Amino acid sequence: MALTDPIGDMLTRIRNGQRARKDSVLTPASKLRVRVLDVLQREGYIRGYSEEAAGPAKAIRIELKYFEGQPAIKHVARVSKPGRRVYSGAQELPRVMNGLGITIVSTPKGVLSDAEARAENVGGEVLAEVF
């Protein structure tokens, strides 16, 4: 079965796993998913991830993070969807929760957080917002 929105699927798996108080969740592997997970790990929203062999295809095990029993990710939402792509310039990148959250952006220099994209002065496709 082909997924039309693999990033949205991964974010939903993370959201559902945290609501169910799971230690980790499993998602199919792809390069874009790994880049998004790199940003989430750098910003401190997940403990880490590792690639596993799950049958014929590879999978990624995402280690979820909790702080005093509460999930580290309070809100995660897909911004740019397959039916409606959202692009933003470097100076127009949205701020989430007045700078307390992050926006994940796919740029020509790779997948970056909004702060990293502003520092590099590059814009791109706004993938998701997290806080």
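Thresholds, definitions, all that
Residues numbered from 1 in each chain as written. Predicted model: local features only at pLDDT ≥ 70, side-chain atom pairs only at ≥ 80, totals over all residues. Heavy atoms only, no water. Helix = DSSP H or I, 4+ residues; strand = E, 2+ residues; numbered from the N terminus. Rg over C-alpha atoms; globule rule 2.2 N^0.38 Å. Buried < 20%, exposed > 50% of the residue type's maximum accessible area, 1.4 Å probe, protein only. Contact = heavy atoms within 4.5 Å. Areas by Shrake-Rupley, 256 points an atom, 1.4 Å probe, with all protein chains shown as cover. Lys, Arg positive; Asp, Glu negative; His and termini not counted. Charge placed at Lys NZ, Arg CZ, Asp CG, Glu CD. Salt bridge = Lys/Arg side-chain N within 4 Å of Asp/Glu carboxyl O. Pairing = 2+ DSSP bridges. Axes fitted to C-alpha atoms, helices over the stretch in contact; angles between N-to-C directions. Parallel < 35°, antiparallel > 145°, perpendicular 65-115°, else oblique. Left-handed = near helix turned anticlockwise from the far one by under 90°. Nonpolar A, V, L, I, M, F, W, Y, C, P; charged D, E, K, R; others polar. Expected span 1.5 Å × (residues − 1). Core = buried A, V, L, I, M, F, W, Y, C linked by side-chain atoms within 4.5 Å.

The next thing to look at is the overall build of the protein. In terms of regular secondary structure, the protein is built from three helices and 10 strands. In the protein, the succession of α and β elements from N to C terminus is α-β-α-β-β-β-β-β-β-β-β-α-β. Taking 14 Å as the expected radius of gyration for a compact globule of 131 residues, we find that the protein reaches 14 Å, a close match to that expectation. Overall, the C-alpha framework of the protein stretches about 40 × 35 × 25 Å when taken along its three principal axes. By residue count, 42% of the 131 residues in the protein fall in the buried class. Contacts spanning at least 24 positions in sequence make up 62% of the contacts within the protein whose residues lie at least 6 apart. In the structure as shown, the protein presents an accessible area of about 7400 Å², 51% of it carried by carbon and sulfur atoms. Averaged over its 21 positive side-chain charges, the protein has a centre that lies 4 Å from the centre of its 15 negative ones.

In the structure shown here, the tally under the stated rule is 10 salt bridges. We note a salt bridge from arginine 13 to aspartate 9, for which the minimum N-O separation is 3.0 Å. Taken together, the residues arginine 13 and aspartate 9, both in helix H1 (residues 6-19) and four residues apart, mark about one turn of the helix. Judged by relative accessible area, arginine 13 falls into the partly exposed class, the value being 32%. Take aspartate 9: its relative accessible area is 18%, and that puts it in the buried class. Measuring nitrogen to oxygen at the nearest pair gives 3.8 Å for the salt bridge that ties arginine 33 to aspartate 9. You can see arginine 33 sitting in helix H2 (residues 31-42) and its partner aspartate 9 sitting in helix H1, a full 24 residues away along the chain. With respect to burial, arginine 33 and aspartate 9 carry one shared label: buried. The network of salt bridges with shared partners includes Asp9, Arg13 and Arg33.

Quick look at the pairing of strand S2 (residues 46-54) now. Relative to strand S3 (residues 57-64), S2 runs antiparallel, the two sharing eight bridges. Each bridged residue has a counterpart across the sheet, and for glycine 48 the counterpart in S3 is glutamate 63. Linkage of S2 to S3, two consecutive antiparallel strands, is achieved through a turn of two residues, within which glycine 55 is found at a positive phi near 75°.

With that settled, the discussion passes to the packing of H1 against H2. One can describe the packing of H1 onto H2 by two numbers: an axis separation of 10 Å at closest approach and a directional angle of 45°. One element, H1, and the other, H2, form an angle in the oblique class. Of the two elements, H1 crosses H2, and the hand of that crossing is right-handed. On H2, the residues touching Pro6, Ile7, Asp9, Met10 and Ile14 of H1 are Leu32, Arg33, Val36, Leu37 and Leu40. For the contact of H1 with H2, a count of residues per class yields eight nonpolar, no polar and two charged.

The subject of this paragraph is unusual backbone geometry. In the Ramachandran plot, arginine 21 falls in the positive-phi region, its phi being about 60° despite a non-glycine side chain. Phi is positive for asparagine 121, which is not a glycine, with a value near 60°.

A few words now on H1. Under the 1.5 Å per step criterion, the end-to-end length of H1 is 20 Å for 14 residues, consistent within 8% with the ideal 20 Å. Among all positions in H1, only Ile7, Gly8, Asp9, Met10, Leu11, Ile14, Gly17 and Gln18 are buried. Just past H1, the residue arginine 21 takes up positive phi, approximately 60°.

Our focus in this paragraph is the nonpolar core. A general tendency of soluble globular proteins is for nonpolar side chains to be buried together. One finds Ile14, Val36, Leu37, Leu40, Ile62, Ile104 and Val130 to be the most contacted residues of the largest nonpolar core, which totals 23 residues. Looking at this core, the elements that each hand over two or more residues are H1, H2, S3, strand S8 (102-107) and strand S10 (124-130). Looking at this core, the element that brings in the most residues is H2, giving five residues. For isoleucine 104, the residues in contact, after removing those within four places along its chain, are Val36, Val39, Leu40, Val111, Leu112, Glu125, Val126, Leu127, Ala128 and Val130.

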